[in-house]
Amino acid sequence: MHQLPLVVFPLSGNMPRMNPKPFRPRVLVVCLVLVTALLTSSFTPAQRRPATANQRAKRPKLVLLVVVDQFRYDYLERFSDLFTENGGFKRLLRDGASWTQSNYDHMPTYTAPGHATMLTGAYPAESGIVGNEWPDRATGRRVTSVSDTTVNLLGGAANEGASSPKRLMSSTVGDELRLATNEHSKVIGISIKDRSAILPAGRHANAAYWFSTNSGSMVSSTYYFNELPAWVTTFNNSRPADKFFNSKWERLLPESEYSKRANADSPTWENIGNQAGDTNAFPHVLTGGLAKLDTTTATANRAFYNALDYTPFSNDMLVAFAQQAITNEQLGADDDTDVLSVSFSANDYVGHRYGPYSQEMMDITLRVDRQIGMLLDFVNAKVGLTNTLVAFTADHGVAPIPEHAGALGLGGSRIKVADLFGAMNSAISARYNPQNKTPDPTADYLYKNASGTTSDAFMNNNLYFNYAALKRDGVSLDEITQIAGEAALTVPGIARYFTRPQLERGQTSITDPIERRAVHGFYPPRSGDLVLITEPYKYLGDTITATHGTPYSYDTNVPTILMGAGVTPGRYYEAATPADIAPTICAILGVTKPSSATGRVLIEALKK
Ligand SMILES: [Zn+2]
């Protein structure tokens with residue numbers, strides 16, 4: 001079977017860059033048979049014996065994970081007629097296997113938990129990544145999924161915090177590949193957001209790179225190495241972000257195409273805020289409110305770099321950086337399978353700002369199709385798509401803007417956190433301070449951070465209690481969580497609650513998908529003591545225009561697509577989850593699946 005590359009290389013190398021032809025396995029098989037017959041005709045009978053069934057198939061040279069942050073499955077259907085031949089989605093849908101019923105089976109459906117699932121095959125209950133942030137009881141400080149005070153940032157501004165994968169509890173596909181190849185596989189994660197670069201790559205990755213909005217550079221941390229590779233410094237020296245200053249984001253297509261599939265531009269429900277120096281209507285001019293760029297100190301341009309996140313231009317910068325990584329790190333250049341993960345963040349920022357039915361969301365979806373197409377073309381030219389296993393997914397979906405869903409009669413509205421706290425606090429006080437004593441002994445029952453405030457007591461719709469105070473007064477966690485949970489249910493829009501004792505003891509039903517998603521999202525050392533579920537289309541808070549996080553379809557139903565060697569193209573209706581991606585890739589590669597992978601192998605699309 002070592003003759004295989006003789007045939008595969010020229011085919012992939014000659015594929016036209018802008019108009020790749022579909023991979024035709026049958027033609028290739030016929031060629032292979034002919035070439036193999038010719039090359040082996042003078043060999044001895046023993047050498048001509050076909051490969052035995054237990055001989056491992058040749059591994060692809062590259063595993064490419066492409067992620068779009070906040071991408072609902074229905075975008076693939078809603079805009080399908082507008083995707084281009086050279087774009088990414090038509091190719092992925094035609095040449096790949098795609099699952100229409102792919103849902104996250106955990107909550108909260110946030111960026112870090114989603115990205116931690118893709119290449120671990122594990123839910124937050126096993127990955128430990130229960131949110132983008134949570135209160136750390138040991139230090140009394142709020143931590144992010146990747147914040148790490150023991151490492152330093154490379155390429156960022158002075159005193160800027162650094163990040164690492166140390167809180168990820170599961171190994172990844174990349175970790176297992178590096179173990180299997182005695183470190184010869186290279187594993188690199190790239191994104192605008194630190195968590196989205198770091199978590200898919202894993203703890204034993206070679207590198208992760210993300211964008212610093214303080215410095216306008218692609219950065220990493222001393223977790224991976226002591227200084228940035230020279231090619232990264234060269235990339236940063238070209239000031240890759242600065243060239244987008246004053247850029248105008250206009251619609252890609254005539255407005256009539258948008259009004260068929262999205263709301264009018266700038267409806268009233270977008271009026272919760274806008275980016276500095278910009279309005280909510282097209283065209284969006286990217287300045288961050290600055291008159292000009294400060295060429296002496298990059299940190300003075302922070303507002304502009306922050307605004308860049310909210311435009312498709314940051315995705316362009318990411319494609320350019322990924323191309324540099326492929327070239328300079330020689331990804332996919334040899335037989336030791338490398339892993340490259342690229343996560344496009346701008347779609348999430350735009351979705352939060354304008355909502356899933358906005359013209360901006362539609363436009364950035366059409367643009368990311370083309371950007372993924374460029375990335376696939378580049379991989380095809382450098383590595384060959386026939387040598388690459390591509391996975392495409394998203395970390396979560398998004399709900400319509402609550403005011404929009406309310407106007408449509410879908411029950412969308414905002415629940416005030418103050419109302420919820422009022423109800424829970426009075427119920428706790430009524431039970432544990434019935435005489436209305438002052439000072440109220442229940443005043444410190446909620447979790448307090450190192451600064452002595454309760455500002456971290458409610459995060460990710462999880463309520464955290466102060467264990468020391470409960471112990472002091474002999475209050476049972478079982479009882480107080482139930483009292484607070486029942487009080488929460490009296491607030492309109494709160495649908496259900498789960499308590500820590502209930503979740504820890506497994507007193508939940510896995511046949512109820514909402515309960516199952518709560519269980520899969522619960523990691524005892526980091527989760528709260530009471531988990532609240534809102535009704536569909538309701539949002540607990542009033543600061544973000546549109547958001548995600550719930551166990552409902554609009555947040556959980558995302559694409560799962562695999563394309564490449566070993567995968568039978570098609571549209572699959574079986575239930576799937578992005579947690580199935582890692583075990584399936586490992587099955588194709590013939591490596592151990594990640595330590596806590598609970599997803600299934602998507603056998604319906606595997607070639608026998
Ligand atoms: Zn988001």
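The shown structure was predicted, so the numbers you read here are calculated from the model rather than taken from an experiment. (Residues numbered from 1 in each chain as written. Predicted model: local features only at pLDDT ≥ 70, side-chain atom pairs only at ≥ 80, totals over all residues.)

K.L.:
Give me the lowdown on the overall build of the protein chain, citing residues and values where you can.
P.N.:
Helix and strand content of the protein chain: 23 helices and 20 strands. Over its C-alpha atoms the protein chain spans a radius of gyration of 25 Å, differing by no more than 12% from the 25 Å that the globule rule assigns to 608 residues. The principal-axis extents of the C-alpha atoms in the protein chain amount to approximately 100 × 55 × 50 Å. Counting the 608 residues in the protein chain, one finds 52% classified as buried. Nonlocal contacts in the protein chain, meaning residues at least 24 apart in sequence, comprise 74% of its contacts between residues at least 6 apart. (Helix = DSSP H or I, 4+ residues; strand = E, 2+ residues; numbered from the N terminus. Rg over C-alpha atoms; globule rule 2.2 N^0.38 Å. Buried ≥ 20, exposed ≤ 12 C-beta atoms within 10 Å, placed from the backbone. Contact = placed C-beta atoms within 7 Å.)

K.L.:
Help me get a handle on helix H10 (residues 230-237), residues and values and all.
P.N.:
Buried within H10 we find Val-232, Phe-235 and Asn-236. One side of H10 holds all its buried residues, which, seen down the axis, span an arc of 95°. Relative to its buried face, H10 has exposed residues pointing more than 90 degrees away, namely Ala-230, Thr-234 and Asn-237. Residues of H10 that are buried make contact with strand E7 (207-212), strand E8 (217-221) and helix H13 (313-328). At the C-terminal side of H10, Arg-239 shows a positive phi close to 45°. (Arc of directions from axis to C-beta.)

K.L.:
I'd love a proper account of the nonpolar core, names of residues and values included.
P.N.:
Ranked by size, the top nonpolar core spans 154 residues in total, and within it Tyr-209 and Ile-585 carry the most contacts. The element best represented in this core is helix H15 (residues 359-382), accounting for 9 residues. Of the domains in this structure, domain 1 (62-401 + 556-605) and domain 2 (406-540) are the two that each give at least three residues to this core. By size, the runner-up hydrophobic cluster in this structure holds 9 residues, among which are Trp-269, Ile-401, Ala-546 and Tyr-552. (Core = buried A, V, L, I, M, F, W, Y, C linked by C-beta atoms within 7 Å. Domains from an automatic or database assignment.)

K.L.:
Before we move on, could you go through the confidence of the model for the protein chain and cite the residues and values that matter?
P.N.:
Averaged over all residues, the pLDDT of the protein chain is 91; the fraction at 70 or higher stands at 90%. Here residues 1-51 scores under 50 on pLDDT; set against residues more than four positions off or in separate chains, the count is 37 contacts. (pLDDT = per-residue confidence, 0-100.)

K.L.:
Help me get a handle on the sheet that holds strand E11 (residues 338-344), residues and values and all.
P.N.:
The 10 strands are arranged E5-E8-E7-E6-E11-E1-E12-E19-E2-E20 in an open sheet whose pairing can be described as mixed. With one partner strand each, in any of the chains shown, strand E5 (153-154) and strand E20 (570-576) form the two edges of the open sheet. Where E5 meets E8, 2 bridges bridge the pair, whose relative direction is antiparallel. What sits directly across from Leu-154, in E8, is Ser-220. Lying on the sheet, H13 is in contact with strand E6 (187-191), E7, E8 and E11; it crosses E11 at an angle near 170°. Running over the sheet, helix H23 (residues 581-589) touches strand E1 (62-68), strand E12 (388-393) and strand E19 (560-563) and is turned about 170° from E12. (Pairing = 2+ DSSP bridges. Axes fitted to C-alpha atoms, helices over the stretch in contact; angles between N-to-C directions.)

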